[in-house]
Amino acid sequence: MVLDLDGTFLNTGKTVSKRNLDAVLSCLGNGMKVIIATARPPRSVHTLLPAEILNVCSFVYYNGALIEDKQTNLETHISIERAATAAILDYCSEYLPDCGISLEVRDQWFANSGPIDEEVFNTRHFRPQVRSNEELKSLETTKILITYFDNPEELQSHFGEQVHFVVTDQGTLIQIMNRSVSKASGVALLLHHFGISTSQVMVFGDDYNDIELFAMPVHKVAMFNAIEGLKELADQITDSNDNDGVAIVLERIIS
């Protein structure tokens, strides 16, 4: 099973309901592997999920740029090329001076002096380390995050061949990773590691960064609150993340 978090396994309050938790734990108890595939960094995931989940699941963080399975000591990190990071920072400085830009580097969060969207980044628990653009250019960047922009298509037209773009959170957040990574590539790596066929996999999702997962030959479950493009790719549409849509599907499997 592959679970997205925001809009899928987590409800609007960013918590896991008891029903969803019990259903996933029952699947784990029956020997099913569970992969959490999220745009979030490890530190954020660790504040949101209970220990019962954290201790036994595998993780695809940063939309596939960091893959981890602690039980088998697997960790893979795929960073953005430094030249691409530098070019994006220079472009934003010149053409998007009012945007907010920050960098994730192996679970550390950095930003320049631009604005940080507190609703998007849930900064209640974390604050970025502020660095100059020149200092940011030297980092082995896992993911670039951009907020407060007008035209994501223009930025993508300049750098779309160098990096992987995803626009999420109702069009308010640009997420940029190495051009080779996606949630699908991270999940594929783990499936190969475990020797699991895609025909044995069920995927749950709701947003644009789940589209690559839904292109895989797996059983695809879209949430009721999912974007229309994902619903069109789905084999099944369940109830919303606020109405335990994940549990509704899983309870039929384990009953």
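In this report, the structure presented in the accompanying data block is examined. Just so it is clear, the structure is predicted and the values come from calculations on it, not from any experiment. (Residues numbered from 1 in each chain as written. Predicted model: local features only at pLDDT ≥ 70, side-chain atom pairs only at ≥ 80, totals over all residues. Heavy atoms only, no water.)

With respect to the pairing of strand E6 (residues 100-105)
E6 sits mainly inside the fold: six of its six residues count as buried. The alternating pattern of E6 places Gly 100, Ser 102 and Glu 104 on one face and Ile 101, Leu 103 and Val 105 on the opposite face, and all of these are buried. As paired strands, E6 and strand E9 (residues 143-147) are joined by five bridges and run antiparallel to one another. By the bridge assignment, Ser 102 is partnered in E9 with Leu 145. As defined by bridge partners, E6 adjoins strand E7 (residues 108-111) across four bridges and the pair is classed as antiparallel. (Buried < 20%, exposed > 50% of the residue type's maximum accessible area, 1.4 Å probe, protein only. Helix = DSSP H or I, 4+ residues; strand = E, 2+ residues; numbered from the N terminus. Pairing = 2+ DSSP bridges.)

What about the sheet that holds strand E2 (residues 35-37)?
Sheet architecture is open: eight strands sit in the order E5-E4-E3-E2-E1-E12-E13-E14, paired in mixed fashion. Only two strands of the sheet have a single neighbouring strand rather than two, namely strand E5 (74-77) and strand E14 (236-237). Alignment of strand E13 (residues 219-222) against E14, held across two bridges, turns out to be parallel. The residue of E14 that forms the bridge with Val 221 is Gln 236. Across the face of the sheet, helix H12 (residues 245-254) comes into contact with strand E1 (2-3), strand E12 (202-205), E13 and E14 while running at roughly 165° to E12. (Contact = heavy atoms within 4.5 Å. Axes fitted to C-alpha atoms, helices over the stretch in contact; angles between N-to-C directions.)

Concerning the packing of helix H2 (residues 18-29) against H12
The description of two packed helices rests on the angle between their axes and on the distance between the axes. The N-to-C vectors of H2 and H12 enclose an angle of 35°; their axes lie 9 Å apart at closest approach. Note that H2 runs across H12; the crossing there is left-handed. Between H2, through Arg 19, Asn 20, Ala 23, Val 24, Ser 26 and Cys 27, and H12, the contact on the second element is made entirely by Val 246, Ala 247, Ile 248, Leu 250, Glu 251 and Ile 254. Residues belonging to the contact of H2 with H12 are distributed by class as follows: eight nonpolar, two polar and two charged. (Left-handed = near helix turned anticlockwise from the far one by under 90°. Nonpolar A, V, L, I, M, F, W, Y, C, P; charged D, E, K, R; others polar.)

Section: the packing of helix H5 (residues 82-95) against helix H8 (residues 152-159)
Packing of H5 against H8 leaves a shortest axis separation of 11 Å and a crossing angle of 145°. Helix-helix and strand crossings are classified by hand; for H5 and H8 the assignment is right-handed. Contacts between H5 and H8 involve Ala 87, Ile 88, Tyr 91 and Cys 92 from the former and Glu 154, Leu 155, His 158 and Phe 159 from the latter. Along the lines of polarity and charge, the residues of the contact of H5 with H8 split into six nonpolar, one polar and one charged.

Considering the side chain of Thr 85
Relative to the assigned elements, Thr 85 resides in helix H5. Taking the relative accessible area as the measure of exposure, Thr 85 reaches 0% and is therefore buried. Contact partners of Thr 85, with chain neighbours within four places excluded, come to Ile 80, Leu 103, Leu 136, Thr 141 and Ile 144.

Structural notes on H8
A turn of α-helix holds 3.6 residues, and therefore any two residues three or four places apart point the same way. Along H8, the residues classified as buried are Pro 152, Leu 155 and Phe 159. Buried residues in H8, looked at end-on, bunch into an arc of 65°, giving them a common side. Turned more than 90 degrees off the buried face of H8, the exposed positions are Glu 153 and Ser 157. Contacts from the buried residues of H8 go to H5, E9, strand E10 (163-168) and strand E11 (173-178). Taking the backbone nitrogen of Glu 153 as reference, a side-chain oxygen 3.2 Å away marks Asn 151 as the first, capping residue of H8. (Arc of directions from axis to C-beta. Polar contact = N/O pair within 3.5 Å; in protein donor to acceptor, adjacent residues only side chain to side chain.)

Here we look at the nonpolar core
In this structure, Leu 3, Leu 49, Phe 204 and Leu 250 are the most contacted members of the largest nonpolar core, which totals 34 residues. Listed by contribution, the elements that provide at least two residues to this core are helix H1 (5-9), H2, helix H3 (42-48), strand E3 (58-61), E12 and H12. It is H2 that contributes the most residues to this core, five residues altogether. Apart from the residues lying within four places of it in its own chain, the contact partners of Leu 49 are Leu 5, Phe 9, Leu 10, Val 16, Ile 36, Leu 54 and Phe 59. (Core = buried A, V, L, I, M, F, W, Y, C linked by side-chain atoms within 4.5 Å.)

Structural notes on the sheet that holds strand E8 (residues 129-130)
Strands sit in the order E8-E7-E6-E9-E11-E10 across an open sheet of six strands; the sheet is mixed. Across the chains shown, the open sheet's two edge strands, defined by having one partner strand only, are E8 and E10. Against the sheet, H8 engages E9, E10 and E11, with an angle of about 170° to E10.

Brief notes about the side chain of Asp 69
Mapped onto the elements of the fold, Asp 69 is located in strand E4 (residues 66-69). Of the buried charged residues, Asp 69 lacks a salt bridge, with Lys 33 as the closest side chain of opposite charge at 5.2 Å. Looking at Asp 69, its side chain comes within polar contact range of the side chain of Ser 58, at 2.6 Å. Those residues in contact with Asp 69 that sit more than four places away from it in its chain are Cys 57, Ser 58, Leu 74, Leu 190 and Phe 194. (Lys, Arg positive; Asp, Glu negative; His and termini not counted. Salt bridge = Lys/Arg side-chain N within 4 Å of Asp/Glu carboxyl O.)

Spatial relationships are all this shows, so hold off on functional conclusions.
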